[in-house]
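Next come the chains, spelled out residue by residue.
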Amino acid sequence: MSDDLHEPVLPGPGASDYERYLRTDELLALQKPDEERVHHDELLFQTVHQASELWLKLAGTEVDEAAAELERDQIAPALRLLRRATLCLQYVTAQLDMLNHMSPWEYHQIRVVLGHGSGFDSPGFRRVARVTQRVAKAFDGVLARAGLELSELYRRGREFEDLYQLAELLTEWDERIWVWRFRHYTIVARALGEETVGTQGTPIQVLGKLIAQRRIPRLWDVRSRLVELFEAERAAPPA
Ligand code: HEM
């Protein structure tokens, strides 16, 4: 083995171990080269989308693993994974800001080379939908094995600290999806207006309606239920 610490020792293409491990040659070849771009802003557009897919890949992997932990009743490791995953969604949402730096007129030039490409086919978001169903089911299983109703968990949160934190983190996960959707909608409205249709023919107004959807509705319903329970108890305090 070479004593020179600057010499690469890892296998594969790339001039240094940094480039070999991170596969930067391949990664940086995934964006259209200058001469193929129909507009300067294509790099911006591809970067935001590709970076989103990477963060969503990490988020999906962590939520899948969190679900597997919950299926084994391991709450604490699931909490760590879910915290990371929600941070991924924050990054994906934050980088949408970059898209407002494209003018609506210039975006049209990029749009013509997108074919029928649509965010509905985003592998990252599709996986988010799948893993959310899995982790929500795993959470139901944990509650059932603990013999707890969701509203009971919220009323007696201090007695079940880990489970309470889990419920709140799952709520945050769902909230982050909701916030992303809202922010994506405003980006779309600025680029295309609200009266038009997307590359797969979806009216922009349909995107607006999707904002109202919750992936784990029971985590939101329970809050309304708590209002009722609180009011009922106040009207007739337990003896
Ligand atoms: C200027 C930027 C963007 C525009 C104009 C835009 C436009 C649209 C439009 C029009 C739709 C409706 C479907 C269709 O195409 O017919 C859509 C859906 C979608 N887009 Fe975008 N988009 C943008 C950026 C992004 C980014 C950065 C992502 C991240 C991966 C993304 C992910 C999605 C997803 C997941 C949907 C499905 C709808 C949902 O689940 O709420 N989009 N987008």
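Within every chain, residues take consecutive numbers counted from 1 along the sequence as written. Where totals are concerned, whole chains, interfaces and linings use all residues; where local detail is concerned, this predicted model gives features only for residues with pLDDT of at least 70, and gives and counts side-chain atom pairs only at 80 or more.

Asks: Looking at this model, I keep getting lost on unusual backbone geometry. Mind explaining?
Replies: Residues other than glycine predominantly adopt negative phi, and peptide bonds predominantly adopt the trans conformation. Positive phi outside glycine occurs at arginine 23, with the angle close to 50°. Along the chain, arginine 23 falls in the loop between α1 (17-22) and α2 (24-28). A positive phi angle, close to 60°, is found at aspartate 73, a residue other than glycine. Under the DSSP-based scheme used, a helix requires at least four consecutive residues in state H or I and a strand at least two consecutive residues in state E, with every element numbered from the N terminus. Following the sequence through the fold, aspartate 73 ends up in the loop between α3 (42-71) and α4 (75-94). A count of 12 C-beta atoms within 10 Å places aspartate 73 in the exposed class. Residue burial here comes from a neighbour count, namely the number of other C-beta atoms, placed from the backbone, that lie within 10 Å of the residue's own C-beta, with 20 or more meaning buried, 12 or fewer meaning exposed, and in between meaning partly exposed.

Asks: Honestly, the packing of α3 against helix α6 (residues 123-146) in this entry has me stumped. Any pointers?
Replies: If you want to describe how two helices pack, look at the angle between their axes and the distance between the axes. Closest axis-to-axis distance for the α3/α6 pair is 9 Å, and the angle between their directions is 20°. Here α3 lies roughly parallel to α6, going by the angle between them. Here the hand of the crossing between α3 and α6 comes out left-handed. Across the contact of α3 with α6, the residue classes tally to 14 nonpolar, 5 polar and 6 charged. As a rule, the C-alpha atoms of each element are fitted with a line to give its axis, helices using only the stretch in contact, and angles between N-to-C directions run from 0 to 180 degrees. With respect to orientation, any angle under 35 degrees is reported as roughly parallel, any angle over 145 as roughly antiparallel, any angle of 65 to 115 as roughly perpendicular, and every other angle as oblique. Each crossing gets its handedness from the near helix: less than a right angle anticlockwise from the far helix is left-handed, clockwise is right-handed. Residues were grouped as follows: Ala, Val, Leu, Ile, Met, Phe, Trp, Tyr, Cys and Pro as nonpolar; Asp, Glu, Lys and Arg as charged; and all remaining residues, including Gly, as polar.

Asks: In this structure, what is going on with the site of the ligand? I would like to understand it.
Replies: Taken together, 25 residues are adjacent to the ligand, and Ser118, Gly119, Phe125, Gly198 and Thr202 come closest. For the shell around the ligand, the secondary-structure elements that each account for two or more residues are α3, α8 (161-192) and α9 (204-210). For the shell around the ligand, the element with the highest residue contribution is α8, accounting for 6 residues. Classifying every residue of the shell around the ligand by side-chain character gives 13 nonpolar, 11 polar and 1 charged. Proximity of a residue to a molecule or strand is defined by its backbone-placed C-beta atom lying within 6 Å of that partner.

As far as function goes, none of this settles anything; it's purely spatial.
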